[in-house]
Amino acid sequence: MQDNRLGTRASLAVGHTAAMIDLVALPVWVGVLLGGYGFSPSTGGGLVTLFLCGAVVASFATARFFRQLPVHRTTPLFYLSAALAFIAMLSMDSIAVLTFLHFVAGLCVGAAGSSVHGTMGRMSNPHRVFALGNLFLGCFAVAFLGTLPMLIAHYGRETLFVAFAVTFIAAALATLIRFPKLATIETKNHAEPIQPAVWFLVAGVMLMALVQSMTFSFLERVATERGFDEAQMRTIFLSLGIINIFPPILAAMLQRRLNPTITGMVGAMFQAVFSFTIMNASEWTLFAPPAIFFSFAMIFTHTFLFGRIAALEPSGRISAATPAMLMTGSSIGPFLGGILVETYSYGAIGKVAVVFGLMAAALFFLSARYSRKTPAELQPA
């Protein structure tokens with residue numbers, strides 16, 4: 001089958017990395033908008049929120065018409081358009097223009113990302129393909145977080161937008177060369193209604209994405225507030241990038257050994273505890289470990305949840321909405337985090353994260369309670 005070719009899987013993995021760039025870039029992104037452009041926390045967070053809102057809108061639209069779109073042709077065009085939007089930001093410092101261009105870029109990334117994830121969901125082993133995508137994302141995070149802060153300090157704030165443009169151009173080329181045609185991928189019956197268990201999973205993933213973005217957006221800012229220096233933050237970003245290589249490898253190895261529901265519940269609670277500690281720790285020894293392992297919980301857990309969603313709904317409709325479900329949460333996070341910081345303190349982010357973590361864990365429990373067995377689970381052992 002075509003989806004077993006390394007080039008095809010690599011093309012999807014590169015596309016996934018570009019679609020999920022906010023998971024890596026949020027602290028640097030918000031930090032540049034606040035420190036480089038001088039925006040307030042709510043304004044800087046709001047710009048990122050508009051990018052993510054654009055991605056949500058486009059992702060829902062693309063997921064709705066996923067089966068009718070020639071995604072192997074439209075995906076590279078959308079990524080190229082996103083690159084052009086960030087190139088246009090290089091000479092702009094007007095809040096109105098940056099707002100418009102952030103939204104346009106988000107639309108393009110959301111449409112491309114939905115095409116990538118919908119195609120991943122229709123592969124023979126969605127869990128493994130998604131894990132490969134997260135492995136690429138982890139390697140990208142090492143390079144991005146390990147070098148970009150230093151490049152920004154040396155060359156200026158516009159370096160961030162150059163890095164984004166280069167990333168999306170690379171994704172455009174990768175998806176242009178080896179993106180699979182959906183007609184070549186075996187699929188099951190698309191007419192089955194979506195069962196409630198899928199919607200519980202979707203809602204839980206959205207809440208985890210909200211905690212991820214709300215915390216990660218202000219990781220660099222809260223570190224500065226607590227008096228940690230640039231060298232310490234470089235250590236965290238580089239370590240975080242290296243650590244993020246391992247969750248997709250572990251998720252692929254443990255695919256048949258861990259229950260997706262229990263993995264989701266435990267992952268949501270770990271994420272909440274990490275967020276609370278990050279936002280309330282005043283000592284470096286308490287702050288650094290949860291900051292370094294914070295993204296681990298989301299990447300590892302979401303691989304299992306993506307595979308479970310694809311098994312329960314094999315048509316690719318919900319898998320194609322992966323950017324929407326992630327970025328619905330992510331789009332609220334930077335703005336909500338900014339409001340919480342301005343109104344209360346950084347510690348408020350951690351407290352709200354615990355509430356959302358408990359809600360996500362409950363939703364994953366309900367998904368198991370109300371799920372019907374998949375065709376694979378009905379086969380005799």
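Reading guide: rules and limits
- Residues numbered from 1 in each chain as written.
- Predicted model: local features only at pLDDT ≥ 70, side-chain atom pairs only at ≥ 80, totals over all residues.
- Heavy atoms only, no water.
- Helix = DSSP H or I, 4+ residues; strand = E, 2+ residues; numbered from the N terminus.
- Rg over C-alpha atoms; globule rule 2.2 N^0.38 Å.
- Buried < 20%, exposed > 50% of the residue type's maximum accessible area, 1.4 Å probe, protein only.
- Contact = heavy atoms within 4.5 Å.
- Lys, Arg positive; Asp, Glu negative; His and termini not counted.
- Charge placed at Lys NZ, Arg CZ, Asp CG, Glu CD.
- Core = buried A, V, L, I, M, F, W, Y, C linked by side-chain atoms within 4.5 Å.
- Salt bridge = Lys/Arg side-chain N within 4 Å of Asp/Glu carboxyl O.
- pLDDT = per-residue confidence, 0-100.
- Expected span 1.5 Å × (residues − 1).
- Bend = angle between axes of the 7 residues up to and from the residue.
- Patch = residues over 30% accessible without salt bridge, like charges linked within 9 Å, V, L, I, M, F, W, Y side chains within 5 Å.
- Areas by Shrake-Rupley, 256 points an atom, 1.4 Å probe, with all protein chains shown as cover.
- Axes fitted to C-alpha atoms, helices over the stretch in contact; angles between N-to-C directions.
- Parallel < 35°, antiparallel > 145°, perpendicular 65-115°, else oblique.
- Left-handed = near helix turned anticlockwise from the far one by under 90°.
- Nonpolar A, V, L, I, M, F, W, Y, C, P; charged D, E, K, R; others polar.

Draft legend 1. The arrangement of the overall build of the chain in detail. A tally of helices and strands in the chain yields 16 helices and 0 strands. Its C-alpha atoms give the chain a radius of gyration of 19 Å, near enough to 21 Å, the size a compact globule of 381 residues would have. A buried classification covers 57% of the 381 residues belonging to the chain. Intrachain contacts of the chain at a sequence separation of at least 6 include 88% that bridge at least 24 residues. The distance from the centre of the 22 positive side-chain charges to the centre of the 14 negative ones in the chain is 15 Å.

Draft legend 2. Broad picture of the side chain of His127. Position of His127 among the secondary structure elements: in helix 6 (residues 126-155). With sequence-adjacent residues up to four places away left out, His127 is seen in contact with Ala251, Ala252, Gln255, Thr303, Phe304 and Gly307.

Draft legend 3. Quick peek at the nonpolar core. Membership of the largest hydrophobic core comes to 113 residues, with the highest contact counts inside it found for Trp29, Phe86, Phe144, Leu160, Phe164, Phe168 and Phe287. Per element, the largest residue contribution to this core is 12 residues, and it comes from helix 8 (residues 196-216). Residues contacting Phe164, with those up to four places away along its chain left out, are Ile21, Ala25, Trp29, Phe86 and Phe144.

Draft legend 4. Representation of the environment of Ala172 in the model. Note that Ala172 resides in helix 7 (residues 159-178). Overall, Ala172 belongs to the buried group, its relative accessible area being 9%. Separated by 142 residues in sequence, Ala172 and Val30 place their C-alpha atoms 25 Å apart. Leave out the neighbours within four places in its chain, and Ala172 touches Pro76, Tyr79 and Leu80.

Draft legend 5. Up close: the pattern of salt bridges. Counting across every chain of the model gives 2 salt bridges. Where Glu158 meets Arg157, a salt bridge forms, and the shortest distance between an N and an O atom there is 3.2 Å. Residue classification places Arg157 among the partly exposed residues on the basis of a relative accessible area of 25%. A salt bridge links Arg221 to Glu220, with the nearest nitrogen and oxygen atoms 2.7 Å apart. Residue Arg221 is classed as partly exposed on the basis of its relative accessible area, which comes to 21%. For Glu220, a relative accessible area of 18% puts it in the buried group.

Draft legend 6. Focus on the confidence of the model for the chain. The predicted model of the chain has a mean per-residue pLDDT of 85, with 93% of residues at 70 or higher. Within the model, the stretch residues 184-191 combines pLDDT values under 50 with 13 contacts to residues more than four positions away or in other chains.

Draft legend 7. Up close: the side chain of Ser213. Inspection of the secondary structure assignment puts Ser213 in helix 8. You can call Ser213 buried: its relative accessible area is 1%. Other than its neighbours up to four places away in sequence, Ser213 contacts Leu26, Gly329, Ser330, Gly333 and Pro334.

Draft legend 8. Examining helix 13 (residues 284-312) more closely. Along its 29 residues, helix 13 runs 43 Å from first to last C-alpha, staying within 8% of the 42 Å computed at 1.5 Å per residue. Of all the bends in helix 13, the largest measures some 35 degrees and sits at Phe293. Buried residues dominate helix 13, accounting for 22 of its 29 residues.

Draft legend 9. Spotlight on a nonpolar patch on the surface. Where nonpolar side chains cluster on the molecular surface, the patch consists of Leu80, Leu84, Ile87, Ile169, Leu173, Leu176 and Ile177 and spans about 670 Å² of accessible area. Listing elements by their share of the nonpolar patch, those giving two or more residues are helix 4 (71-88) and helix 7. For the nonpolar patch, the element with the highest residue contribution is helix 7, accounting for 4 residues. Tracing the backbone shows Ile87 in helix 4. Judged by relative accessible area, which is 38%, Ile87 ranks as partly exposed.

Draft legend 10. Fine view of the packing of helix 4 against helix 5 (residues 95-121). At a minimum axis separation of 8 Å, helix 4 and helix 5 run at an interaxial angle of 155 degrees. Put simply, helix 4 runs roughly antiparallel to helix 5. Seen from above, helix 4 lies across helix 5 with left-handed handedness. Residues Val71, Thr74, Thr75, Phe78, Tyr79, Ser81, Ala82, Ala85, Phe86 and Ala88 of helix 4 lie in contact with helix 5, whose contacting residues are Leu101, Ala105, Cys108, Val109, Ala111, Ala112, Gly113, Ser115, Val116 and Thr119. Across the contact of helix 4 with helix 5, the residue classes tally to 14 nonpolar, 6 polar and no charged.

Draft legend 11. Broad picture of the packing of helix 8 against helix 13. Where helix 8 contacts helix 13, the two axes come as close as 11 Å, and the packing angle between them is 160 degrees. As summarised for this structure, helix 8 and helix 13 are arranged roughly antiparallel, according to the angle between their axes. For helix 8 against helix 13, the interelement crossing comes out left-handed. Here helix 8 contributes Ala197, Val198, Leu201, Val202, Val205, Met208, Ala209, Val211, Gln212, Thr215 and Phe216 to the contact with helix 13, which in turn contributes Phe294, Ser295, Ala297, Met298, Thr301, His302, Leu305, Arg308, Ile309 and Leu312. Partitioned by chemical class, the residues of the contact of helix 8 with helix 13 number 15 nonpolar, 5 polar and 1 charged.

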